[in-house]
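Examination of the molecular architecture
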Amino acid sequence: MRLRVLLIALIILFPSAVVTAQFDASQFGQTPQLAITLNPNNPSPGELVTASLDDYSGGVYGSEITWFYDGQVISGATNQRQIQFVAGDAGTDTAVEATLSLPTGGTQTLQEIISPVYMDIIIEPQTRVPDWYAGRALPSLGSQINTTVLLNDGSFIDPQNVVYTWRVNNKVIEGGPIRAGNRVAFPTPRGGAVTVSVTATDPAGETIASRAVSVGIVLPELSFYEKHTLYGMKSSPITANTPLVGSILTLQAEPFFLDSRVYNNPDVAEWEINSVSTDNGSSNPYEITLRSSSGNRSTNVNFHVRSLQQILQGSEESIAINF
Amino acid sequence: MKRTLFIIGGVGIICILAGVWAYFLFFGTPNPDGGVFANFNLGNTDDPSVIIPIEPEPTQPVVDVTSPERLRQLTTQPVAGFAEVQATADSAPEARYIEAGTGHIYSIDLETGVETRISATTIPLTNAGALTPNGQYALLQSGSGIGSEHVIGIISTTSDELRNFAIPGNITSFAATDDNTFMYATPAGNGLIARAYDPNTNTVEDLFQVPFRDATIAWGSSEAGPHYVYPHTTSRLEGYVYSYTNGVATRERASGYGLSVVGSSAGYIFSAVQDGEYNTFATNIATSEINNAPLTTIPEKCIFTESNAGVAVCAITLEEYPNQMPDPWYKGEVRMNDSLWEYSINSQSASLLISPENVTGRQLNIVRPEFGINDFNLYFQNKVDQTLWIYEYKQAPTFNRVNQ
């Protein structure tokens, strides 16, 4: 009887003993999580960083916490689980340390090294802006966006030694991570904005920096400018209030942010004068010369440019010209 | 009516006419200013009901370069480029400019105000240019975009002919240095390469490389720099600032939407949209401090002085700037009414130099400010009509001003 009871007890207890052993991490050499985590993980120079003490083992309980930044005690941060500081200059390595004075005696020190790196994502949309315009082109639906990422840790980091993973709206492009691929081009997707993110790692897989930017998508905009034979285009657009001198006017239609490919080869480029389709009589489809006729001093001029393949790649605008 | 009344009235009229005729016959004398019959010698009138026609103001403002005012308009025609030139150490400085459209080069004697055309060689569609401070060379841009051409002109002292030759390749930006050379940027691969051309020796030297194409270069006054480089500005995309000194690039601690910058060896002024507002900041390189500037401006409207790298003169419009800036200003949709302010990035103080509207009655939208020799004169253009203006920043004791 005693033997039977013992056997039944062994059968019941043995599996649970095995299961308990499976979760005893210390037998497999894993130490409990006690570490400093940084947010953001890879800060830029001058960026505000939050350092948190993560303790999943309860080992901090009752300990006195002292924080150090670059070897100096951070005043007012004693016994705080979280501190904030500003990352240093590019190319500098700075230690953030937390020293735990354990209630059982002894100390434990945790450390993270901050190596700030600039990660600049330069967006170069391939859309039309006039040569005199000092601003940058903006992306419109379907147009190509050239993107370059520059890493700088005090000097430009050679992209040959970096692996880049690009995502557009959270979808990896270029088929996956690419070494030396600090430059990509992709078409502007639908929507009001596109999110471009890039992660840069060293060849061993250690993250150097990671960033995402949101890029607003615009519709092409049409403006009219007066073009002088000698001086070229005026720097201010013509409006209904613009005084015009003389009886002859050369108008230049400027479709800002139109896909450069559509601008160079538009399917539709049509001028209308007082609602009548008109041949502009010029090899330049964006230019028309008007002459005022006596008795009719106000003229309504309309210009329409569009791609028939990408219907949102286009713009149409009218203006009343008062000679 | 009776017939008698008609006869009496007719005789009366005949008598009056005969009296007038007799008066002019005996007393009227020919008036050289007008016809005799237009002058009845009735005397001057102060009758307020009399409407005296007012001659319309000329559409082109009258230019008087020798005016005692410190702010003066130098040209009535659009200008493509300009510089203050001193041919020799003993000669008086003169203002030179390149006429837009023709490429003709003019010289203005700042003492007498006499304007001389020193180059009559026409380079059609000239819209940008630079002149060396010794007055010997010019770099002119003709046309725009892919079809633009750039020529080096050698200014003759004996004739009004400009010997010129084209620089091959596409040039996106250029400037002259204090050392009488030209710096320019040209596309190379996916970026730009900045070069220096010495017209004296006809040699080209690489200065630095920019790893992207859509770059604006705020050129320094020497080949060594610092030159400040940033992606073309827009309020819809983020920009970053890089400085190049002796060919070495440094990422500056400035970034943001709508970012543009102007700088010197002591620091730089940048504007960007932060927290939804377009604001101006100044970085002092020596202290690494970044401060909010006391006034908001578009950095392209500022220039640092040569004599004090911590002091800049900025054209400032005292209005709240929309957070879409500077895009609408680039497009020409926003006009400004600028005043000139002196701004020290060391003391973070700004003081008003002059308000063109108060002095001249005209509103100026100031662009391309440039100092002359020893910072005596500040030159700039009005964006609206591209005319050239001068402001006497320092009183120059060596100048003998006329009409003073």
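1. Thoughts on the overall build of chain B
Broken down by element type, chain B carries three helices and 27 strands. Residue burial in chain B is summarised as follows: out of 404 residues, 42% are buried. For chain B, the proportion of contacts with a sequence separation of at least 24, taken over those separated by at least 6, is 42%.

2. Focus on the interface of chain B and chain A
Facing the 31 residues of chain B at the interface are 31 residues of chain A. Elements with a minimum of two residues in the side of chain B that touches chain A: β16 (238-245), β17 (248-263) and α2 (327-331) of chain B. Classifying every residue of the side of chain B that touches chain A gives ten nonpolar, eleven polar and ten charged.

3. Things to note about the sheet that holds strand β23 (residues 314-322) of chain A
Residue and element names in this part refer to chain A. Spatial strand order, β20-β19-β22-β23: four strands in an open sheet with antiparallel pairing. If you trace the sheet from one side to the other, it starts and ends with β20 (276-278) and β23, each paired once. Pairwise comparison of adjacent strand axes, ignoring direction, gives a mean angle of 25° for this sheet. For strand β19 (residues 268-273) and strand β22 (residues 298-306), the ladder comprises six bridges, and the chain directions are antiparallel. When the sheet's bridge partners are listed, Glu-270 is paired in β22 with His-304.

4. Regarding the domain arrangement of chain A
All names here are of chain A. As assigned here, chain A comprises domain 1 (30-114), domain 2 (118-216) and domain 3 (221-322). Across the boundary between the two partners, domain 1 contributes six residues, which contact nine residues of domain 2. Residues belonging to the side of domain 1 that touches domain 2 are distributed by class as follows: two nonpolar, four polar and no charged.

5. A closer look at the environment of Ala200(A)
Residue and element names in this part refer to chain A. Turning to its location among the elements, Ala-200 is positioned in strand β14 (residues 193-201). With 18 residues separating them along the chain, Ala-200 and Asn-182 place their C-alpha atoms 8.9 Å apart. The residues touching Ala-200, leaving out its near neighbours within four places in the chain, are Met-119, Val-149, Leu-151, Val-162, Tyr-164, Ile-208 and Ala-209.

6. Re the sheet that holds strand β25 (residues 366-371) of chain B
Residues and elements named next belong to chain B. Reading across the sheet, the four strands line up as β1-β27-β26-β25 and stay open at both edges, with antiparallel pairing between neighbours. Each of the sheet's edge strands pairs with one partner strand only, and the pair in question is β1 (71-73) and β25. For this sheet, the mean angle separating the axes of adjacent strands, direction not counted, is 25°. Pairing of β25 with strand β26 (residues 377-382), which is carried by four bridges, proceeds in the antiparallel orientation. Across the sheet, Phe-371 pairs through a bridge with Leu-378, a residue of β26.

The rules we used
Residues numbered from 1 in each chain as written. Chains lettered and ligands numbered in written order. Predicted model: local features only at pLDDT ≥ 70, side-chain atom pairs only at ≥ 80, totals over all residues. Helix = DSSP H or I, 4+ residues; strand = E, 2+ residues; numbered from the N terminus. Buried ≥ 20, exposed ≤ 12 C-beta atoms within 10 Å, placed from the backbone. Contact = placed C-beta atoms within 7 Å. Nonpolar A, V, L, I, M, F, W, Y, C, P; charged D, E, K, R; others polar. Pairing = 2+ DSSP bridges. Axes fitted to C-alpha atoms, helices over the stretch in contact; angles between N-to-C directions. Domains from an automatic or database assignment.

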